Structure formats: structure tokens, C-alpha cells
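Take a look at the letters that make up each chain.
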Amino acid sequence: MSRSHPQTIQLRSVGSQQTQAPLSPQLAVQNPSSHSWASLSRPPPWGLGCLLALQHILVLASLLCASHLLLLRSLPPGGLSYSPAHLLASSLFACGVSTTLQTWMGSRLPLVQAPSFEFLVPALVLTNRKLPLAIQQPGNCEHRARLRVGLASHLLHPCEGPGCHSLELRNTSLQEVSGAVVVSGLLQGMLGLLGAPGHLFLHCGPLVLAPSLVVAGLSAHREVALFCSGHWGLALLLILLMVVCSQHLGSCQLPPCPWRPASTSSTCTRIPAFRLLSVLVPVACVWIISALLGLSVIPLELSAPTEAPWFWLPHPTEWVWPLLTPRALAAGISMALATSISSLGCYALCGWLLHLPHPPPHACSRGLSLEGLGSVLAGLLGSPLGTASSFPNVGTVSLIQAGPQRVAHLVGLLCVGLGLSPRLAHLLTTIPLPVLGGVLGVTQAVVVSTGFSNFHLADIDSGRNVFIVGFSIFMALLLPRWLREAPVLLSTGWSPLDVLLHSLLAEHIFLAGLLGFLLENTIPGTRLERGLGQGLSSPFTAQEARMPQNSREKAAQEYELPLPLQNLCPCIPQPARCLCPLPEDPGNEEGGPAEPGETADLLPGFGEQYPRSSRERRSH
């Protein structure tokens with residue numbers, strides 16, 4: 001093995017080396033051993049791209065199995081009219097189509113679409129409200145707890161006869177959840193077409209993005225602990241291997257792994273294999289160990305008593321149509337609001353990791369519209385969960401420090417292929433739950449750390465900022481816990497309103513984003529204090545300020561539509577014109593004039609400098 005920091009390469013989404021944002025020289029001096037992000041003029045080779053795509057499939061499988069397992073455990077006892085393998089296949093098919101559309105004509109970022117936990121919370125609220133009325137009354141908390149434990153441990157079998165007990169109630173619950181997914185997709189698509197979320201994103205600074213990312217990472221700790229508790233030895237072994245491969249051996253290169261990034265290059269560059277495969281290698285090792293020890297047990301809720309077919313074409317009329325009810329409408333509204341905030345956070349995080357400018361409104365609008373289309377497709381196919389940008393997969397990009405767009409395309413194709421074969425899709429359920437929990441634990445931890453790293457863009461010594469950050473994070477974690485532990489269920493007398501309020505108050509990232517946005521834009525503060533620069537009202541101000549103007553313009557082109565679709569922009573109706581990039585305003589190319597009363601917010605080179613950071617003040 002050899003260590004060679006200068007020859008270590010990184011894979012970015014697309015573009016040339018001129019679009020790379022140079023890191024601050026001060027940061028490079030302070031941390032010379034850090035792995036810098038570099039770009040390649042060409043995509044990775046197909047072999048390496050397939051391995052990286054398989055890595056993202058494993059992360060996607062952890063989300064997919066976790067969400068389906070928790071949802072199936074919450075359903076009433078009884079059978080299913082179809083196999084859980086078909087549920088997984090339909091979800092994978094929708095995720096593949098949504099991922100392909102997202103990377104081709106959506107936000108254009110290498111984002112993998114997956115059934116996020118923002119869909120799971122309203123779905124669980126919707127299914128739990130199916131419990132008998134006597135169980136939902138005050139004073140029956142112990143009875144409710146015993147019932148939920150019984151539901152979680154109940155064995156699910158496809159119904160083999162017309163008299164299967166509770167079959168209609170169970171399938172109706174899934175139909176209603178699928179209806180909520182369709183409603184959420186339609187609403188999210190409409191929000192994207194109107195362009196409102198993209199323009200609101202311009203008013204989200206570091207004090208909105210950072211608490212949302214921290215809460216998004218911390219909100220999955222209960223599910224991670226639940227899956228790891230199956231066998232803590234396997235989970236800890238996986239976490240240990242992932243940490244060693246990604247951090248301790250991150251710059252090590254295997255001698256037989258040479259690769260020329262460009263055909264014109266005469267030198268042989270080696271790939272940091274341990275870091276690039278820091279998910280695939282540990283999962284494969286622990287998976288093999290668990291199989292040898294006989295610890296690979298498929299969860300009962302995901303087991304298929306009969307052999308799933310090798311080939312199956314998903315279509316809406318396979319089972320039954322989604323059930324649209326007022327309760328499903330309420331749950332769908334909650335799903336749409338929470339997933340929109342979550343996806344905007346994923347766009348910001350992915351762009352920040354790839355050193356791109358902040359996502360423009362037209363890219364955010366297209367991304368949300370196509371995510372809504374993916375959720376509509378998932379709901380029509382009978383899937384109880386929609387599609388949204390996946391935080392764990394973005395955390396994987398940060399962990400392996402590679403985000404080629406070709407990999408995202410390969411992930412979409414692999415998901416579509418797995419969706420066409422329920423038997424292959426069912427192989428994902430053979431991964432032990434502690435392994436899935438360990439993968440989620442590490443990737444969610446990376447999301448938390450990237451959220452904390454955004455705090456340095458604002459004045460962290462400001463009392464205003466300290467209050468906004470602390471209040472947003474604490475309340476976003478407190479309210480769902482209070483709602484879960486309350487002795488009396490939230491009741492307004494109208495079931496759809498109960499579902500809507502219960503779902504929104506249980507969504508961690510919705511609460512963090514909403515509270516952070518309201519406090520950030522209502523409490524007075526200077527633009528420098530808020531981490532915003534002149535003409536760059538985004539959490540990427542400090543990064544963009546270090547980029548030359550020509551590099552900034554070339555990097556911004558990463559968000560533009562493909563050339564064949566750009567020619568169709570003049571034909572798009574005016575209400576949907578927000579999906580296309582607007583012409584550049586010459587007056588704002590260099591930041592534009594400062595607003596009255598904000599002369600202290602000038603960028604470096606315009607007469608005044610940024611105040612020294614709190615770390616620099618303490619060092620002096």
C-alpha cells in the first residue's frame with residue numbers, strides 16, 4: 001500500500017476542472033491532510049461507476065426495508081393480497097424512474113430518490129388511526145402499547161382464501177396510504193410548477209439550513225437503534241469497518257488499481273479504493289460473516305411464503321386503485337410539505353458538498369415537480385411510500401467524497417431493473433437488519449456533521465443566532481416526543497384535521513425548517529450576522545465569494561436544462577416558466593448595489609471586509 005495525497009482523486013458530478021470552487025488557502029494550511037474535492041473532466045469508468053452505484057443501492061435498500069418494515073408492523077393483523085416482494089419491487093421501480101428524471105432534467109444534481117422517513121410518519125399516523133375507538137380513548141395507553149407490540153410481532157402471510165381474517169381492513173389501510181402518496185405527489189408537483197419553494201429558498205440562510213440538517217440526521221436515531229438492537233455485535237463491526245475504510249484508510253491506494261482519468265493523461269493515477277468503497281466493502285464483509293454464523297434472518301413482515309416471479313411489469317391495475325379519502329388528503333398534505341422541505345435541504349447539501357453555487361429557483365422547482373411525479377407513480381403502483389431526495393445517500397456522497405452524475409444514472413437503471421424482478425428485489429431483505437441499521441447510522445451521522453459545519457458561515461457568537469439555532473433544534477425534537485408520550489391523543493373532533501395536525505407535529509424536519517425560517521426572517525439582524533453576503537442570499541455565500549466570476553458562471557451552468565430541452569423553454573406556458581432559467585441581470589453580476597443601511601455587508605474587494613470569525617478573535 002502507498003499513501004499519496006497529491007495523487008488522490010475525487011469524482012464530482014459533471015463539468016470541467018474550471019468549475020471547481022477553490023478552497024480557501026487558509027483552510028488548506030490549517031488542515032493539509034484533508035481530502036480536497038476535485039473534479040474530473042470525464043466520468044468514471046463503467047466498472048468503478050457500477051460499484052459506486054451498487055453502494056448507493058445498499059443505502060437505498062436500508063431506507064426501503066426500514067420504511068416498509070415499520071409500516072407493515074403498524075397495520076392491523078391479517079393477510080396481504082399480494083407479496084411484500086411486490087411492494088419492494090414497485091417502490092424500487094418508482095425510485096429508479098424518479099432518480100433518472102431528477103438527474104436528467106430535474107435539479108441536475110446526483111441525487112438518489114428514495115422513500116424517506118417524511119412519508120413514513122404520516123403513513124403511520126394514518127394506519128394507527130384505524131384502531132378501534134375504545135382503544136383510542138384516554139386511560140387505555142397500556143392496552144394500546146400491548147396491541148402495538150402484538151402488531152409488530154405478527155406474522156404476515158398472503159391471504160389464501162376468500163375468508164382471510166382482516167384482509168379487507170389491512171388492504172384498505174394500504175390503499176388509503178397509497179392515496180395519500182398520490183395526493184402528496186400532486187401537491188408537491190403543483191408547488192414546483194408555481195415556483196414558490198424555489199423563491200422561498202433564496203431566503204433560507206445558514207441558520208435555516210443548518211438546524212434542518214442537524215434535525216434530519218438526529219431524527220432517525222430511534223429507527224437506527226431499533227435495527228441495530230437485533231445484533232449489536234454485527235452493527236458495531238459494520239460501523240467500525242466503515243469508519244476505518246472512510247477515515248483511517250481514506251488516502252490509501254491499492255497498487256493494482258491504476259486508472260487514467262483522461263485519455264490524454266500520460267501519468268497513471270491511483271484510486272483511493274478504501275474510501276470510495278467504504279460502504280460496499282464493510283457491508284459485504286459483515287453480510288458474509290452473518291451468513292456463515294447463521295445470523296441472516298429475513299424479517300417475518302418482509303418474508304415471502306411463495307416464490308416471487310423473476311419478471312413482473314408494474315402497472316396501476318395490478319391490485320387495486322389508491323383510496324382517496326379526507327384522511328388521505330390530510331396525510332398527503334403533510335407528506336408534501338415535509339418532503340418539500342427535506343428535498344430543498346438535500347439540494348442545498350449536495351450542491352455544497354460538490355462546491356457548486358446554491359441551487360437556483362428554477363432547478364429547485366424542476367426538482368420538486370419531478371419528485372412529485374415520482375410519488376404519483378409510486379402511489380398508482382400501489383406503493384405505500386413515495387419518492388424524495390435521500391439524506392442517507394447524500395451522506396454517502398460526503399462519506400466517499402465522490403458524486404459523479406453517471407453513478408446516479410446507473411442507480412436509476414439498477415432500481416428499474418430490480419423493480420421489474422420481484423425475486424431480485426426480495427434479495428435485499430436478506431441483508432441483516434443490524435447491517436441496515438449500521439449503514440443508516442453512519443450516513444445519518446455524516447448529515448448531522450455537515451449541518452453543524454454550516455454554522456461557521458454565520459456569526460456563531462451572536463446571541464440572535466444562538467437563540468435561533470438552539471430553539472429550532474430543541475423544539476423540533478421536543479414536539480414529536482411530547483406528542484408521542486402524551487396520555488391523550490390529539491383530538492379536534494374531525495378525523496382529517498387530527499391526522500393533519502398529528503402528522504405535521506411529528507415531522508422533525510418540517511418543524512425545524514419552519515421555525516428556523518420564521519425566526520431567521522422575523523428577528524432583526526445584519527446580513528453578515530446572518531451569514532448572507534451582498535447579492536448572494538444563500539448559505540453558500542462564503543464559498544461563492546472565493547470563486548472567480550467566470551468559474552461561478554460555469555458552475556451555475558450545472559443546473560441548466562439539457563440543450564434539447566432548453567429549446568423548448570419559449571414554448572412553456574407562462575405559469576410554468578419558473579422551470580426555466582431566467583436571463584442574467586447585468587446589474588447583479590458582481591453582486592449589485594447594496595441595500596440602504598447595509599453598507600457593512602460588502603463582500604471582500606468592495607471596500608470593506610468580513611469581520612474576523614469567532615475562532616480568529618479567540619486566537620488573538
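To be clear, the structure that these remarks concern was listed above.
Colleague: Where do I start with the overall build of the protein chain in this structure?
Modeller: A tally of regular secondary structure across the protein chain gives 26 helices and six strands. Burial analysis of the protein chain (620 residues in total) assigns 56% to the buried set. Within the protein chain, counting contacts between residues at least 6 apart in sequence, those at least 24 apart form 86% of the total. Working note: accessible area of the protein chain is about 25600 Å², and carbon and sulfur atoms make up 67% of it.

Colleague: How should the packing of helix α15 (residues 391–400) against helix α18 (residues 433–453) be read in this particular structure?
Modeller: Angle between the axes and distance between the axes: these two values describe a pair of packed helices. Put simply, α15 and α18 touch, their axes get as near as 8 Å, and they point 75° apart. Judged by the angle between their axes, α15 and α18 are roughly perpendicular. In this structure, α15 uses Phe391, Pro392, Gly395, Thr396, Ser398 and Leu399 to contact α18, whose residues at the interface are Leu440, Val442, Thr443, Gln444, Val446, Val447 and Thr450.

Colleague: What is the right way to read the nonpolar core from this model?
Modeller: General note: in soluble globular proteins, nonpolar side chains tend to be found buried as a group. Leu52, Leu60, Leu92, Leu238, Met242, Val283 and Val411 are the most contacted members of the largest nonpolar core, which totals 94 residues. With residues up to four places along the chain from it excluded, the contact list for Leu60 reads Leu92, Cys95, Gln113, Ala114, Pro115, Asn393 and Cys415. Residues Cys204, Ala348, Cys364 and Phe391 belong to the second largest nonpolar core, which totals 26 residues.

Colleague: Please clarify how unusual backbone geometry should be interpreted in this entry.
Modeller: The phi angle of most residues is negative, glycine excepted, and most peptide bonds adopt the trans form. Unlike most non-glycine residues, His355 shows phi in positive territory, near 60°. In this structure, His355 sits in the loop between α13 (326–353) and α14 (361–380). With relative accessibility at 9%, the residue His355 sits in the buried group. Residues other than glycine seldom take positive phi values, yet Gln401 does so here, at roughly 55°. Summarising the element assignment, Gln401 is placed in the loop between α15 and α16 (405–419).

Colleague: Honestly, α14 in this entry has me stumped. Any pointers?
Modeller: In an α-helix, one full turn covers 3.6 residues, which means residues spaced three or four apart are oriented alike. Along its 20 residues, α14 runs 29 Å from first to last C-alpha, staying within 8% of the 28 Å computed at 1.5 Å per residue. With 17 of 20 residues buried, α14 lies mostly within the body of the structure. Where α14 terminates, the next one or two residues include Gly382, which has phi positive at roughly 95°.

Colleague: Looking at this structure, how should I read the packing of helix α2 (residues 46–74) against helix α3 (residues 84–105)?
Modeller: Two numbers describe how α2 lies on α3: the axes approach to 11 Å, and their chain directions differ by 135°. By the angle class used here, α2 and α3 are oblique. Crossing of α2 against α3: the hand is right-handed. Judged by residue contacts, Leu60, Leu64, His68 and Leu72 of α2 engage Leu87, Leu88, Ser91, Leu92 and Cys95 from α3. Taken together, the residues of the contact of α2 with α3 sort by class into seven nonpolar, two polar and no charged.

Colleague: Before we go on, may I ask you to explain the packing of aromatic side chains in this structure?
Modeller: Each aromatic ring pair is summarised here by two numbers: the centre-to-centre distance and the angle between the ring planes. Per the counting criterion, the structure on display carries two aromatic pairs. Ring centres of Phe467 and Phe471 lie 5.4 Å apart, and the angle between their planes is 25°; this geometry places the pair in the stacked category. Placement of the pair is Phe467 and Phe471 together in helix α19 (residues 463–485), with a separation of four residues, close to one helical turn. Look at Phe467 and you get partly exposed, because its relative accessible area is 44%. Above the face of the Trp46 ring, Arg406 is positioned so that its terminal group lies 4.0 Å from the ring centre.

Reading guide: rules and limits
- Residues numbered from 1 in each chain as written.
- Predicted model: local features only at pLDDT ≥ 70, side-chain atom pairs only at ≥ 80, totals over all residues.
- Heavy atoms only, no water.
- Helix = DSSP H or I, 4+ residues; strand = E, 2+ residues; numbered from the N terminus.
- Buried < 20%, exposed > 50% of the residue type's maximum accessible area, 1.4 Å probe, protein only.
- Contact = heavy atoms within 4.5 Å.
- Areas by Shrake-Rupley, 256 points an atom, 1.4 Å probe, with all protein chains shown as cover.
- Axes fitted to C-alpha atoms, helices over the stretch in contact; angles between N-to-C directions.
- Parallel < 35°, antiparallel > 145°, perpendicular 65-115°, else oblique.
- Core = buried A, V, L, I, M, F, W, Y, C linked by side-chain atoms within 4.5 Å.
- Expected span 1.5 Å × (residues − 1).
- Left-handed = near helix turned anticlockwise from the far one by under 90°.
- Nonpolar A, V, L, I, M, F, W, Y, C, P; charged D, E, K, R; others polar.
- Phe/Tyr/Trp six-rings, centres within 6.5 Å; stacked < 30°, edge-to-face > 60°.
- Lys NZ or Arg CZ within 6 Å of the ring centre and 35° of its normal.

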